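Summary of structural features
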Amino acid sequence: MAIEDLISSVPTGLWIGGEERQAASTFNVLDPSDDQVLATVADATAADAVAALDAACAVQAEWAAIAPRKRGEILRSVFETITERADDIAALMTLEMGKVVAESKGEVAYGAEFFRWFSEEAVRIAGRFTPAPAGTGRILVTKQAVGPCYAITPWNFPLAMGTRKMGPAFAAGCTMIVKPAQETPLTMLLLAKLMDEAGLPKGVLSVLPTSDPGAVTTALIDDGRLRKLTFTGSTGVGKALVKQSADKLLRTSMELGGNAPFIVFDDADVDAAVDGAILAKMRNGGEACTAANRFHVANSVREEFTDKLVKRMSEFTLGKGIDPASTLGPLINSKQVATVTELVSDAVSKGATVAVGGVAPGGPGNFYPATVLADVPADARILKEEIFGPVAPITGFDTEDEGVAAANNTQYGLAAYVYTQSLDRALRVAEGIESGMVGINRGVISDAAAPFGGIKESGFGREGGIEGIEEYLDTKYIALTR
């Protein structure tokens, strides 16, 4: 489909109650490769948020009462619809977010999988029935849908960060309002349209693009009818949302920032570690909370690892994501380019060496090259702060204990990566690392069938796996007499 036809096929109004509605004002969505306007979309207000909650509440009981098998069949239909339109969704995602098309296609496949996985989990919501230990009656435990949910999703994965929340919510019988990031609302709006075509009942999903997320979020959180808040984004915003939600005691799930260590031990297969490093660092151009943020490499293999990583990073071709020749697209905006530039400059000023890259090319678009920093000192900000860009800072260690200590030297605890050929060491280190997820000899760990989430200041709650649906279920105990 031609780009103009693709964009014209996307709803640009508010999606409330399964229908497109216009708003009093609009805002522009920009192409990060050249900052040109892609589309103009409706700008939701607090009043629109209440209307979306009205629609969600109107069908909540009916949706929760639908047979689990039927809900599962609807989710399976959504999976198939997304799969059929994968090329169009990927192209749209690339246009508004910047990642290369191959990356976007990968996200579409990953994002769609949450609907397939949770279509199967919808019929496996279990309870229990047991005699009371005192012999006074029976204990019946059942699970019920939490109720209307509000999901706030980020710009870096415009499809998957939404489907990872919608899949379990809909499988559990919850309705949902989604507020996509201001930078990337088009993918979510197209998804809403496709879900409607796939048979999702009207009112179960609403999508509210907005340039005033504070007003929309406050209107929903302060309304006693909302029962669940799920957020993916920065730790700072997540903390504020938890505080804001406390007054109504909302159920909350927080998938927040990361500072993933990538540890290469002296017994690692260095070539395999470099392959994994490219996947863990450069997936999504480095704009991922699970991205390898700092590389702790045993000093005995550090030079070899650095040389081989530099060679691989130097092979990336910077350009528009929609260009088939590009292997690295732009960052999301000029602010992110400035952030990455500042972190690299700070590291260099403290003694780090730029082995490749390190300078934004300038000109139109928000580009930053694949970069490797060697000999990064311990006090460099880039080892402590989330980079969200294609920069790999490398530092060394001597002993296993030093490597684990360096990995744990952060307030975050989302993902970690370990390369070693020793099973004993792999298990020992995985248990010792303070992280919600650990990849052993692999650079990509996300899987719809596995629980995704962190500890410490990376948040709480899990998305995906058999654990994911529990976030959208309340437990009810019914006491029965003998």
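Residues numbered from 1 in each chain as written. Predicted model: local features only at pLDDT ≥ 70, side-chain atom pairs only at ≥ 80, totals over all residues. Heavy atoms only, no water.

**Comments concerning the overall build of the chain**
Short version of the rule: For helices the rule is a DSSP run of H or I covering at least 4 residues; for strands it is a run of E covering at least 2, with both sets numbered from the N terminus onward. To get the radius of gyration, use the C-alpha atoms; to get the globule rule, take the number of residues to the power 0.38 and multiply by 2.2 Å. Categorising residues by exposure relies on relative accessible area from a 1.4 Å probe, with only protein chains included: less than 20% of the type maximum marks a residue as buried, more than 50% marks it as exposed, and the intermediate range marks it as partly exposed.
Counting secondary structure elements, the chain contains 14 helices and 20 strands. Relative to the globule expectation of 23 Å for 482 residues, the C-alpha radius of gyration of the chain, 23 Å, shows essentially globular dimensions. Principal-axis analysis of the C-alpha atoms gives the chain an extent of 70 × 65 × 40 Å. Residues classed as buried in the chain amount to 56% of the 482 residues present.

**With respect to unusual backbone geometry**
Despite not being glycine, Asp-375 has its phi angle at roughly 55°, a positive value. If you trace the backbone, Asp-375 turns up in the loop between β15 (371–374) and β16 (391–397). Backbone geometry at Asn-441 places phi at a positive 55°, although glycine is not the residue there.

**Let's talk about the packing of aromatic side chains**
What counts, and what does not: Two rings from Phe, Tyr or Trp (for Trp, the six-membered ring) form a pair when their centres are within 6.5 Å of each other. A pair whose planes differ by under 30 degrees is stacked, one over 60 is edge-to-face, and the rest are tilted.
Applying the stated rule across the entire model yields nine aromatic pairs. An angle of 35° between the planes, with centres 6.5 Å apart, marks the rings of Phe-262 and Phe-305 as tilted. With Phe-262 in strand β12 (residues 260–264) and Phe-305 in helix α11 (residues 299–313), this pair connects stretches of sequence that are 43 residues apart. Take Phe-262 and Phe-305: they sit in the same class, and that class is buried. Taken together, Phe-262, Phe-295, Phe-305, Tyr-417 and Tyr-419 form an aromatic cluster joined through their ring pairs.

**Topic: helix α12 (residues 334–349)**
To be explicit about the condition: Under the convention used throughout, the expected extent of a helix is 1.5 Å for every residue step, that is, one less than its residue count. Any two residues whose heavy atoms approach within 4.5 Å at even a single point are treated as in contact. Two N or O atoms form a polar contact when they lie within 3.5 Å of each other; inside protein one atom must be a possible hydrogen donor and the other a possible acceptor, and for residues adjacent in sequence the pair counts only when both atoms belong to side chains.
For α12, which comprises 16 residues, the first-to-last C-alpha distance of 22 Å matches the rise-based estimate of 22 Å (1.5 Å per residue) to within 8%. Among all positions of α12, only Gln-336, Val-337, Val-340, Leu-343, Val-344, Asp-346 and Ala-347 are buried. For α12, the secondary structure elements touched by its buried residues are β15 and β16. Sitting at the amino-terminal end of α12 is Asn-333, which places a side-chain oxygen 3.3 Å from the backbone nitrogen of Lys-335. Remark: Gly-351 follows α12 within two positions and exhibits a positive phi of approximately 120°.

**Topic: a nonpolar patch on the surface**
Keep this limit in mind: Residues form patches when they are more than 30% accessible in relative terms and have no salt bridge. Like charges link within 9 Å. Nonpolar side chains (Val, Leu, Ile, Met, Phe, Trp, Tyr) link within 5 Å. Computed with a 1.4 Å probe, the accessible areas rest on the Shrake-Rupley method; for each residue, only the protein chains presented here act as cover. By convention in these notes, a salt bridge is any Lys or Arg side-chain nitrogen within 4 Å of a carboxyl oxygen on Asp or Glu.
Judged by side-chain polarity, Phe-129, Ile-478 and Leu-480 come together as a nonpolar surface patch covering roughly 250 Å² of accessible area. Among the structural elements, Ile-478 can be located in strand β20 (residues 473–481). Assessed through its relative accessible area of 31%, Ile-478 is described here as partly exposed.

**So, the sheet that holds strand β17 (residues 415–419)**
For the record, the criterion: Whether two strands pair comes down to DSSP finding at least two bridges between them. The angle between two axes is taken between their N-to-C directions and runs from 0 to 180 degrees, where each axis is a line fitted to C-alpha atoms and a helix contributes only its stretch in contact.
Reading across the sheet, the seven strands line up as β14-β15-β16-β13-β12-β17-β18 and stay open at both edges, with mixed pairing between neighbours. Two strands close off the open sheet at either side, each with one partner strand: β14 (353–356) and β18 (437–440). Averaged over all neighbouring strand pairs, the angle between strand axes comes to 25°, with direction disregarded. Two strands pair when backbone bridges link them, and strand β13 (residues 292–298) and β16 are joined in this way by four bridges, in the parallel orientation. For Phe-295, the partnering residue across the bridge sits in β16 and is Ile-394. The strands that α11 touches are β12, β13, β14, β15 and β16; relative to β16, the one it contacts most, it runs at about 170°.

**Structural notes on the packing of helix α8 (residues 213–221) against helix α9 (residues 235–245)**
Our working definition: Each crossing gets its hand from how the near helix is turned against the far one by less than a right angle, where anticlockwise is left-handed and clockwise is right-handed. In the scheme used here, Gly and all other residues not listed as nonpolar or charged are polar, with Ala, Val, Leu, Ile, Met, Phe, Trp, Tyr, Cys and Pro taken as nonpolar and Asp, Glu, Lys and Arg as charged.
The N-to-C vectors of α8 and α9 enclose an angle of 35°; their axes lie 10 Å apart at closest approach. Seen from above, α8 lies across α9 with right-handed handedness. Within the contact between the two elements, α8 uses Thr-217, Thr-218 and Ile-221 and α9 uses Leu-241, Gln-244 and Ser-245. Considering only residue class, the contact of α8 with α9 consists of two nonpolar, four polar and no charged.

**Topic: the sheet that holds strand β6 (residues 137–145)**
Spatially, three strands are ordered β5-β6-β20 in an open sheet, and the strand pairing comes out antiparallel. Bordering the open sheet on either side are β5 (128–131) and β20, each of which pairs with just one other strand. If you compare each strand with its neighbour and ignore which way they point, the axes differ by 20° on average. Where β6 meets β20, nine bridges bridge the pair, whose relative direction is antiparallel. Looking across to β20, one finds that Gly-137 is bridged to Thr-481.

**Description of the pattern of salt bridges**
Counted by the stated rule, this structure contains 30 salt bridges. For the salt bridge of Glu-121 with Arg-124, the shortest nitrogen-to-oxygen distance reads 3.8 Å. Of the residues examined, Glu-121 reaches a relative accessible area of 10% and is grouped as buried. Among the charged side chains, a salt-bridge network with shared partners connects Asp-266, Asp-267, Glu-400, Arg-425 and Arg-428.

**Comments concerning the environment of Lys-456**
By the secondary structure assignment, Lys-456 is in the loop between β18 and β19 (459–460). Note on Lys-456: relative accessible area 36%, which makes it partly exposed. Separated by 200 residues in the primary sequence, Lys-456 and Leu-256 place their C-alpha atoms 9.9 Å from one another. The residues contacting Lys-456, other than those within four sequence positions of it, are Asn-408, Thr-410, Gln-411, Tyr-412, Gly-413 and Glu-434. For Lys-456, the side chain forms a polar contact with the main-chain oxygen of Thr-410, separated by 2.7 Å. In this structure the side chain of Lys-456 is engaged in a polar contact, spanning 2.8 Å, whose partner is the side chain of Glu-434.

**Some thoughts on the pairing of β12**
Within β12, five of the five residues are buried, which leaves the element mostly enclosed by the surrounding structure. Of the two faces of β12, the one carrying Ala-260, Phe-262 and Val-264 and the one carrying Pro-261 and Ile-263 are both buried. As judged from the five bridges shared by β12 and β13, these two strands associate in the parallel manner. When the sheet's bridge partners are listed, Val-264 is paired in β13 with Val-297. As paired strands, β12 and β17 are joined by three bridges and run parallel to one another. Bridging across to β17, Val-264 finds its partner in Tyr-419.

**A word on helix α6 (residues 160–172)**
Counted at 1.5 Å a residue, the expected span for α6 with its 13 residues is 18 Å, and the 18 Å between its end C-alpha atoms agrees. Counting buried residues along α6, 13 of its 13 residues qualify, which places the element largely inside the surrounding structure.

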